[in-house]
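Next come the chains, spelled out residue by residue.
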Amino acid sequence: MDLALVVVAPLSADGRELEHAQAVRQSLRDKRIVETVDLVSEKVEPAMSRTERLRYESGDAIVDPLIAVHADLVARAEVIVFVFPTRWWCPPPEMKAWIERTFVPGVAFVLDANKRVRPNLRNLQAVAGVTTHTHPEVIADGGDGARRMLLRTLRLNAPRRVRTQWLLDPDQAEIADKFGRL
Amino acid sequence: MNVLVAFCHPVPDSFGACLRDATVASLGAHETEVIDLYEGRDLPRGFTDEDAATLAWANAVILIYPTWWASLPAPLMGWVEAGLDRDGWSHLRRVVAITTHGSSRLVNVLTGGVGRRIVRRGLPRLMATGAYGRFIPLFGMDTIDDTTRHEFLESLPPALTRALR
């Protein structure tokens, strides 16, 4: 069965992200094996280290064994769903740091002989975001950074026909509807 | 102006550090404070009480960072957000970003210029009336030659003079 990866940053006081992640998992479970990365309970290091940056272009960019496990899931996933609160414009720094440390050369993309980026997430068929925001007008002012980052920049590393899905402050029924059809 | 320079790069002798040094050297007419987010802070939200005081003193903030995945690195985004959460930006008159991109200008236009939008639109609307942001990017960091990098460093003093007018 295909693999779906749910990456959750449960940082809201009311734990909404965990409810959303659970609803996403339930909707995807019929057709896929679902794995979860919880950036808080797994105590993922929240910043790229000096060693990681120095090794970034070496083809051996992953230093942290936990990130190696996550990178393997990312490479195999056919669906990746990011679940997080948007505080201002971007995913929370915990999630941004995880992307910076996991979507590295050799995993998300490769650099060709001219140092040009070539996509490497060959299995990926859908990228999705489920987010919450207390002030949507603030997102608009900043140009909806999280959505652009995940559905445009990140998806450049997937095959051209990758599907995308974006839900802002959804209820359970909306999650079931949209993800049930993925 | 009182200028707070927030520098974010994990490697102390990176090109980013050259950008920081060139920036500080060209701010002679202004009072300047520099903070390094990778220097003894609790990441990714390394915003201290001392930072709150420095931010209150400042009229302008200059962010110097490598653009990763279209936007600010996690420690710098965490620092900016923590400052906004404490309402520490509402008196500021200028925000300037000096940033390197591995990708080309074209890729950044196509993917929506997330960092540029945050600096040009998102942040100024949370700052003082009439405040504005300036975005000073260097694209194609990995494919350009040293001459182009030097030209970028030399372009900083006049660009900063205009930005902090």
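Before reading further, recall that the structure is shown in the block above.
Residues numbered from 1 in each chain as written. Chains lettered and ligands numbered in written order. Predicted model: local features only at pLDDT ≥ 70, side-chain atom pairs only at ≥ 80, totals over all residues.

> What's the story with the overall build of chain B in this structure? I'm lost.
In terms of regular secondary structure, chain B is built from six helices and five strands. Secondary structure elements of chain B, listed N to C terminal, follow the sequence β-α-β-α-β-α-β-α-α-β-α. Relative to its length of 165 residues, chain B is compact, with a C-alpha radius of gyration of 15 Å against a globular reference of 15 Å. In terms of overall dimensions, chain B has a C-alpha envelope of 40 × 35 × 30 Å along the principal axes. Every one of the 165 residues in chain B was classed for burial, and the buried ones make up 45%. Put simply, 82% of the contacts in chain B that link residues at least 6 apart link residues at least 24 apart. (Helix = DSSP H or I, 4+ residues; strand = E, 2+ residues; numbered from the N terminus. Rg over C-alpha atoms; globule rule 2.2 N^0.38 Å. Buried ≥ 20, exposed ≤ 12 C-beta atoms within 10 Å, placed from the backbone. Contact = placed C-beta atoms within 7 Å.)

> Teacher, can you tell me more about the overall build of chain A here?
Looking only at helices and strands, one finds seven helices and seven strands in chain A. Across chain A, helices and strands are ordered from the amino to the carboxyl terminus as β-α-β-α-α-β-α-β-β-β-α-α-β-α. Against the globule reference of 16 Å for 182 residues, chain A gives a C-alpha radius of gyration of 16 Å, in line with a compact fold. Oriented by its inertia axes, the alpha-carbon framework of chain A measures out at about 45 × 35 × 30 Å. Per-residue burial for chain A yields a buried fraction of 47% across its 182 residues. Within chain A, contacts between residues separated by at least 24 positions form 75% of all contacts whose residues are at least 6 apart in sequence.

> Mind showing me how you'd approach the interface of chain A and chain B here?
Each partner contributes to the interface: chain A provides 27 residues, whereas chain B provides 26 residues. Counting only elements with at least two residues in the side of chain A that touches chain B, the list comes to α2 (50-54), α4 (93-102), α5 (136-142) and α6 (145-153) of chain A. The dominant element in the side of chain A that touches chain B, judged by the number of residues it contributes, is α4 of chain A, at six residues.

> For this particular structure, what's the right way to read the pairing of strand β2 (residues 31-36) of chain B?
On a regular strand, one side chain projects to one face of the sheet and the next to the other, so that they alternate. Residues and elements named next belong to chain B. By the bridge criterion, six bridges tie strand β1 (residues 2-7) to β2 in an arrangement that is parallel. Bridge pairing in β2 links Ala 6 to Ile 35. Each parallel crossover has a hand, and for β1 linked through helix α1 (residues 15-25) to β2 it is right-handed. (Pairing = 2+ DSSP bridges. Right-handed = clockwise from strand over helix to strand, strands pointing away.)

> What exactly am I supposed to notice about the sheet that holds strand β6 (residues 126-132) of chain A here?
Strands belonging to one sheet form pairs held by backbone hydrogen bonds; the direction of such a pair is parallel or antiparallel. All names here are of chain A. The parallel open sheet is built from five strands, whose spatial order is β2-β1-β3-β6-β7. Each edge of the sheet is formed by a strand with only one pairing partner; in this case those strands are β2 (32-38) and β7 (163-168). For this sheet, the mean inter-axis angle between neighbouring strands, taken without regard to orientation, is 15 degrees. Strand direction decides the pairing type here: strand β3 (residues 79-85) and β6, joined by seven bridges, are parallel. Residue pairing for β6: Val 79 is matched across the bridge by Ala 126. Where helix α3 (residues 65-76) meets the sheet, its contacts fall on β1 (2-8), β2 and β3, and the angle it forms with β1 comes to roughly 130 degrees. (Axes fitted to C-alpha atoms, helices over the stretch in contact; angles between N-to-C directions.)

> Just checking my understanding: could you explain the nonpolar core for this structure?
The tendency in soluble globular proteins is for nonpolar side chains to be buried side by side. Counting 99 residues, the largest nonpolar core has Val 6, Val 24, Ile 80 and Val 83 of chain A together with Ala 6 and Leu 76 of chain B as the members making the most contacts within it. Setting aside anything within four residues of it in sequence, one finds Ala 6 of chain B in contact with Ile 35, Leu 37, Val 61, Leu 63, Leu 76 and Trp 79 of chain B. (Core = buried A, V, L, I, M, F, W, Y, C linked by C-beta atoms within 7 Å.)

> Can you walk me through unusual backbone geometry in this structure?
Peptide bonds are mostly trans, and most non-glycine residues show a negative phi. All names here are of chain B. Leu 43 connects to Pro 44 through a cis peptide bond whose omega is 10 degrees. Along the chain, Pro 44 turns up in the loop between β2 and α2 (49-57). The phi angle at Trp 69 is positive, at roughly 50 degrees, despite the residue not being glycine. Positive phi outside glycine occurs at Asp 87, with the angle close to 55 degrees. By the secondary structure assignment, Asp 87 is in the loop between α3 (74-85) and β4 (94-101). Classification of Asp 87 by C-beta neighbours within 10 Å gives exposed; the count is 10.

> What should I look at first to understand the pairing of β2 of chain A in this one?
Two elements, β1 of chain A and β2 of chain A, share seven bridges in a ladder whose sense is parallel. Looking at β2 of chain A, one finds that Asp 2 of chain A is bridged to Arg 32 of chain A.

> How should the sheet that holds β2 of chain B be read in this particular structure?
All names here are of chain B. Spatial ordering of the open sheet is given by β2-β1-β3-β4-β5, a layout of five strands whose pairing is parallel. A single partner strand is all that each edge strand has here, and the edge strands are β2 and β5 (132-138). Averaged over all neighbouring strand pairs, the angle between strand axes comes to 15 degrees, with direction disregarded. Pairing geometry for strand β3 (residues 60-67) and β4, over eight bridges, is parallel. The residue bridging Ala 60 from the neighbouring strand is Arg 94, located in β4. Sitting on the sheet, helix α6 (residues 146-163) is in contact with β4 and β5, with an inclination near 165 degrees to β4.

> Can you walk me through the packing of α4 of chain A against α3 of chain B in this structure?
Two quantities define a packed helix pair, namely the angle between the helix axes and the distance between the axes. Put simply, α4 of chain A and α3 of chain B touch, their axes get as near as 8 Å, and they point 170 degrees apart. Comparing their axes, α3 of chain B and α4 of chain A come out roughly antiparallel. Every residue of α3 of chain B that contacts α4 of chain A at Pro 93, Lys 96, Ala 97 and Glu 100 of chain A is listed here: Ala 74, Pro 75, Met 77 and Gly 78 of chain B. Of the residues that constitute the contact of α4 of chain A with α3 of chain B, the class distribution is five nonpolar, one polar and two charged. (Parallel < 35°, antiparallel > 145°, perpendicular 65-115°, else oblique. Nonpolar A, V, L, I, M, F, W, Y, C, P; charged D, E, K, R; others polar.)

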